[in-house]
Every structure is written in structure tokens, then in C-alpha cells.
Amino acid sequence: MTLKMKIIESNNIFADQMQPGAFIGATLVASGIKNSAIIYHGYLGCNIESIHMRSDSIPGGFYTPIIATGLNESDSIYGGNEKLKATLEEVNKKPYDLIWILTGDATSITADDIYGIANTANINKNTTIIPLDVPGFLGGITRGTDIAISKLYDFSPSCARQTNSVCLFAPHLMGIKSHPEDIKEIKLLLERSGINVSHILSKYLTKQELITLSESKYVLPLTWENLPELNSICKKNNLELIDLNLPLPVGVSNSEHWLLNIAELFNTRKKAEQTLMEDKCIIEGQLKYNYNFSWLSTLYSEKTCSIYAHSQFAVSLAQCLFYDLNIKPKVISIIAETQEAINKSKLMLKELLEYTDFTLLINPDYYTYIKYIKDSNVDFAIGSNQDKPLCIGENIPHMTLSGYYFFNNFNFTPWPNFGIRGMLGIITELGYQMEKTFYYERYWKNYSYKPSEDNYFNDSCK
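Residues numbered from 1 in each chain as written. Predicted model: local features only at pLDDT ≥ 70, side-chain atom pairs only at ≥ 80, totals over all residues. Heavy atoms only, no water.

**Here we look at the overall build of the chain**
If you tally the helices and strands in the chain, you get 20 helices and 14 strands. Rg of the C-alpha trace for the chain: 25 Å, near the compact-globule value of 23 Å for 462 residues, within the 12% margin. Put simply, the chain has 462 residues, and 53% of those count as buried. Put simply, the chain shows about 20900 Å² of open surface, and 53% of that area lies on carbon and sulfur atoms. Looking at charge distribution, the chain has the averaged site of its 41 positive side-chain charges lying 4 Å from that of its 50 negative ones. (Helix = DSSP H or I, 4+ residues; strand = E, 2+ residues; numbered from the N terminus. Rg over C-alpha atoms; globule rule 2.2 N^0.38 Å. Buried < 20%, exposed > 50% of the residue type's maximum accessible area, 1.4 Å probe, protein only. Areas by Shrake-Rupley, 256 points an atom, 1.4 Å probe, with all protein chains shown as cover. Lys, Arg positive; Asp, Glu negative; His and termini not counted. Charge placed at Lys NZ, Arg CZ, Asp CG, Glu CD.)

See below:
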């Protein structure tokens, strides 16, 4: 039998995904620089999403305020330049290292002069103002991230390169809810393998540390999306962009593939192999004689699932489930902003076609997604809090693993899902899903004995 990958691309005139705009991407970058303040130049209430979305910085030990200029209806006619000036003067009373000015949709349309105000403002001696026009209609979260990080390289002059050093780019674009912990695991995997991680853009950095950005010879984006601003900076500063079409290090097989390929660039393969072996020993020590795990692994083996996540994470997770756990993804739904991410997803998923067939949905609306996973009769779904209610409404057990940190922190324990060690977290989550499959009404109805009315009366009369 020939196995097939059925590809369905969204062609609906509507899109109901949880897909933040460019302003959110810029906000997440700005929030990763210590002693920064963000001025949201827009209308009251429109900045509430960004306040929630950047909450992942708080566990890192610092807080980035977001101050709205608070425009009203008349400002959309006459402009909000005066309110921006007043807000900037108020924020400047504190000695921030960086003050970001980010526009919303309305202020971008009215073309308020954020650059002129920033250039003529009377600010503190050591404060830098970074104005960015990043309305939602400019593009998605990837676009805003790309624009904001490109500005951080303005602080870094061209300098001598560290050949054993790498700069990690945009961890929030990985598309997994636990990314604050997973980026730490990625850093740990690399450094234990003899590869220095100089910066994480943008996490836990100071303005002073931005000066040394260009010292790292290599730049590693944690997304398959096209990043034109980053590409331009790499060419301008003679930096090497690591673009090997690798999966994210989810599980055993992906972590080996990811780490060993990167280690080859740095001539540290032996150290990487030792790192992987040490982590395998940790997992073996936890699971070797654990009978709970023995029963659980029997339960989820040969089960089927659906996945709804950002492209690189969705594909990586599909491979992890199949190669490491013998779980078959029947529907893989990817979120992608650029054609590059779609192409890389298709290319890497071709490997799975040697063993199983599946449906690939590209940027589906939720209605299309739920239709396909119902028709595929999957045992459980993996997605984010945004598609969880749909799955529960159809009595499909749901594992909340993907999406943004936004509203995912209520049931989150700070342990990574990436790397070989992260398998312990994924397996634990799978245990909850297997328990749900026994109690969900759909499964009782599908597999319980249902006598026909005629047989019931015939049996009763005997």
C-alpha cells in the first residue's frame, strides 16, 4: 500500500486562529531587555493583549511596564502627537536604559510622528528611545519580532568573531507554551556540548550586553519562518545564519538530530554525544523499573492523535510521538506566516511517509480543523488553549502543549519539554490523556455493547 500525505491549504475568506500581530512580536522582544519601558501609542484597551502575552518575562525576575498613551476618538482625527509627548516625558522621569515607542493600528494609519518626537525629546543622558511602526496589519508576530530584533543590532559595532559562540533568536516563535523553560534547556544542551551561547534574543539581557551581539559568529533562529531583517543583518555584519532545516529538540530522536548537526559546525560532536548519553542515562534511571510507565507506554502505543501548532514545533512533535513513543499523528495542522515555513514542514514530513499516512492542514480555521480530526477518529488532540474548547465539545481528550505562554501558566510547572530530559514532562502529560480516554463519553458510546430493540425483547422473553 502506498502511503500518502494529504495536503489541505486554507482558502477560506475568514481566519479565526489565535494569531497576534506585529505589535505583539515587537513587545515580546522589547520585554526581554532589562530596565526597559514600552510606550504603546494607541487607544485604551488595545494594549491588554500585549500585557498578558509578555508575562513570560516575569519568572525571569524583572518586569517591563507597558504604558498606553490612551488616545480617544478625537485623537484619531486630530492626531495623538501631544499625548505621546506627554507620556514620553512622564516615562522619562525614571532612569530607563531603553524606552520603546510602538504604534497600534490606528496611530499607524494616522501617521503620528513617532520618529520626530523620539529624535527631539529631551531625555536622560543614558536612555535610548527606539520608535517602531509595528501595527497589527503589517504582519504577524514573526514580522514584529524580526523588525524589533534588527534594531538591537544597532547597539553592536562590528567586532572580532567568537567561532565557538552562537546567538539564539526568538524563542517565543518556537510555538510551545513552556518556552521560558525550554530555551534554558536548549542553552544547557549547547553549552554542555562545548558551544557557548552568547545571547538569547530577547531574554534576560541588559543594554550593556547588547554591545557584544556581533561577537558571535553564528546566529540560530528558533523558527522556520522567513526573517528578512535578520538575513540582511547577517549579510551586513558577516554573521553565519544556521539554516539546516532541523527539527526542534523535542524528544530523543529530534534532540540527537538537532544537537549532533549543530555540533558538527563547531567540531564538538564527541562532547554532544556525551551530553546525549548522560541525559539518556537520567531517563533510563527514572523509567527502567517504573511499572506505572510500563503500563502507560502500553496504553499509548499505537494510539492516534492530531496536532495543532506552529510549523516547526508541530512537525518536530509529530516525529517525536511517532519515533519515540509509537503514537501516530493522523492530522497535523501547522500555523505558518511565510512560505518558507510551509515548504520546510512539507519537506521534513516526507520522512514519516515511509511508515504512516496523515493529513497536513496548512493554516486551517478551527472549523476545518475540528472537522478533520472528527473524521479521522483520533484518540486525542494536542494543541493550545484556543482550540481546547472545540475538542472538549466533541469529547476528544485534549493535551495543551502548544501555543503562546498567554493564559497557559495556570497549570504550568517550570520543567522543560525539550531535550531528552523533557520526555519526562511529555510522558506525564500523555498519562493524563490516556486516563481521559477511558472516561470521555465518546469512548463509552463507541465501544460499549448496544443491543437492538428486537434482540432486547427477544432475550427478555426467553
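**As for the packing of aromatic side chains**
The tally for this structure, following the rule as stated, stands at 8 aromatic pairs. Aromatic side chains F23 and Y40 sit 4.8 Å apart centroid to centroid with 50° between the ring planes, which places their arrangement in the tilted category. With F23 in helix 1 (residues 22–30) and Y40 in strand 2 (residues 36–41), the pair connects residues that are 17 residues apart, well separated along the chain. Of the two residues examined, F23 and Y40, each falls in the buried class. Put simply, the rings of Y308, Y366 and Y369 touch in pairs and so form one group of aromatic residues. (Phe/Tyr/Trp six-rings, centres within 6.5 Å; stacked < 30°, edge-to-face > 60°.)

**Here's the deal with the environment of I66**
Looking at where I66 falls in the secondary structure, it is placed in strand 3 (residues 66–68). Taking the C-alpha atoms as reference points, I66 and I101, separated by 35 residues in sequence, lie 9.9 Å from one another. When neighbours within four sequence positions are excluded, I66 is seen to be in contact with T27, I38, Y40, N47, S50, I51 and R54. (Contact = heavy atoms within 4.5 Å.)

**What to know about the confidence of the model for the chain**
Predicted confidence across the chain gives a mean pLDDT of 88, with 90% of residues reaching 70 or more. Ranking the elements of the chain by mean pLDDT puts helix 20 (residues 453–461) last, at 51, and helix 14 (residues 311–325) first, at 97. (pLDDT = per-residue confidence, 0-100.)

**With respect to the pattern of salt bridges**
It is possible for side chains of opposite charge to pair when their charged atoms get near one another. Counting across every chain of the model gives 20 salt bridges. Between E185 and R421 there is a salt bridge, and its shortest N-O distance comes to 2.5 Å. A residue pair is termed long-range when its members are at least 10 positions apart, and E185 in helix 8 (residues 179–192) and R421 in the loop between strand 14 (398–400) and helix 18 (423–439) qualify at 236 residues. Judged on exposure class, the residue E185 and its partner R421 are both buried. One salt bridge in this structure joins K288 and E284, with 3.9 Å as the shortest N-O distance. (Salt bridge = Lys/Arg side-chain N within 4 Å of Asp/Glu carboxyl O.)

**Regarding the packing of helix 13 (residues 291–300) against helix 18**
Running from N to C, helix 13 and helix 18 point in directions that differ by 65°, and their axes come no closer than 10 Å. For the pair helix 13 and helix 18, the sense of crossing is left-handed. Counting all contacts with helix 13, which are made through F293, L296, L299 and Y300, the residues of helix 18 involved are I427, L430, G431, M434 and F438. For the contact of helix 13 with helix 18, the per-class residue count stands at 8 nonpolar, 1 polar and no charged. (Axes fitted to C-alpha atoms, helices over the stretch in contact; angles between N-to-C directions. Left-handed = near helix turned anticlockwise from the far one by under 90°. Nonpolar A, V, L, I, M, F, W, Y, C, P; charged D, E, K, R; others polar.)

**Section: the environment of I420**
Position of I420 among the secondary structure elements: in the loop between strand 14 and helix 18. With a relative accessible area of 1%, I420 lands in the buried category. In this structure, the C-alpha to C-alpha distance between I420 and Q17, residues 403 residues apart in sequence, is 31 Å. Excluding residues that lie within four positions of it along the chain, I420 makes contacts with G251, V252, S255, L276, D279, K280 and I283.

**Examining the sheet that holds strand 3**
Pairing within the open sheet is parallel, and its 4 strands lie in the order 3-2-4-5. In this open sheet, the two strands that pair with only one neighbour each are strand 3 and strand 5 (128–132). Going from strand to strand, the sheet's axes swing by 20° on average, the running direction of each strand aside. Sheet topology note: the strand 2/strand 4 (residues 98–103) ladder contains 6 bridges and is parallel. Residue pairing in the sheet places A37 in a bridge with I99 of strand 4. The sheet strands contacting helix 1 are strand 2, strand 3 and strand 4, and the helix crosses strand 4 at an angle near 175°. Each of strand 4 and strand 5 touches helix 7 (residues 141–152); the most contacted strand, strand 5, lies at about 155° to it. (Pairing = 2+ DSSP bridges.)

**A few points about helix 13**
In this structure N290 caps helix 13, since a side-chain oxygen of it lies 3.0 Å from the backbone nitrogen of N292. Once helix 13 ends, the next one or two residues include E302, with phi positive near 75°. (Polar contact = N/O pair within 3.5 Å; in protein donor to acceptor, adjacent residues only side chain to side chain.)

**Some words on the sheet that holds strand 10 (residues 304–310)**
Within a sheet, adjacent strands bond to each other through the backbone by hydrogen bonds, running parallel or antiparallel. Strands sit in the order 1-12-11-10-13-14 across an open sheet of 6 strands; the sheet is parallel. Two strands in the sheet have a free side with no partner beyond their single neighbour: strand 1 (5–9) and strand 14. Averaged over neighbouring strand pairs, the angle between their axes works out to 15° when direction is ignored. Pairing of strand 13 (residues 380–383) with strand 14 involves 3 bridges; the strand directions are parallel. Residue pairing across strands places I382 opposite M399, the latter belonging to strand 14. Those strands touched by helix 15 (residues 339–349) are strand 1, strand 11 (328–335) and strand 12 (358–362), and its axis lies near 175° from that of strand 12.

**Concerning helix 7**
When the terminal C-alpha atoms of helix 7 are compared, their 17 Å separation across 12 residues agrees well with the 16 Å that a helix rising 1.5 Å per residue should span. In terms of burial, helix 7 is a largely internal element, 10 of the 12 residues being buried. (Expected span 1.5 Å × (residues − 1).)

**A word on the state of the cysteines**
For the coordinates displayed, the defined rule picks out 0 disulfides. The thiol of C320 is unpaired, and the distance to the nearest cysteine sulfur, on C305, comes to 10 Å. (Disulfide = S-S within 2.5 Å.)

**What to know about the nonpolar core**
Counting 67 residues, the largest nonpolar core has V166, L168, L190, W258, F313 and L325 as its most contacted members. A total of 9 residues in this core trace back to one element, the largest contributor, which is helix 14. Setting aside chain neighbours within four positions, we find L190 in contact with V166, L168, I195, V197, W258, L259 and I262. Counting residues in each nonpolar core, the second largest holds 54 residues, with I24, L239, I335 and Y404 among its members. (Core = buried A, V, L, I, M, F, W, Y, C linked by side-chain atoms within 4.5 Å.)

**Things to note about a nonpolar patch on the surface**
A cluster of nonpolar side chains, namely I109, F137 and L138, defines an oily patch on the protein surface of about 320 Å² accessible area. On the secondary structure map, F137 appears in the loop between strand 5 and helix 7. (Patch = residues over 30% accessible without salt bridge, like charges linked within 9 Å, V, L, I, M, F, W, Y side chains within 5 Å.)

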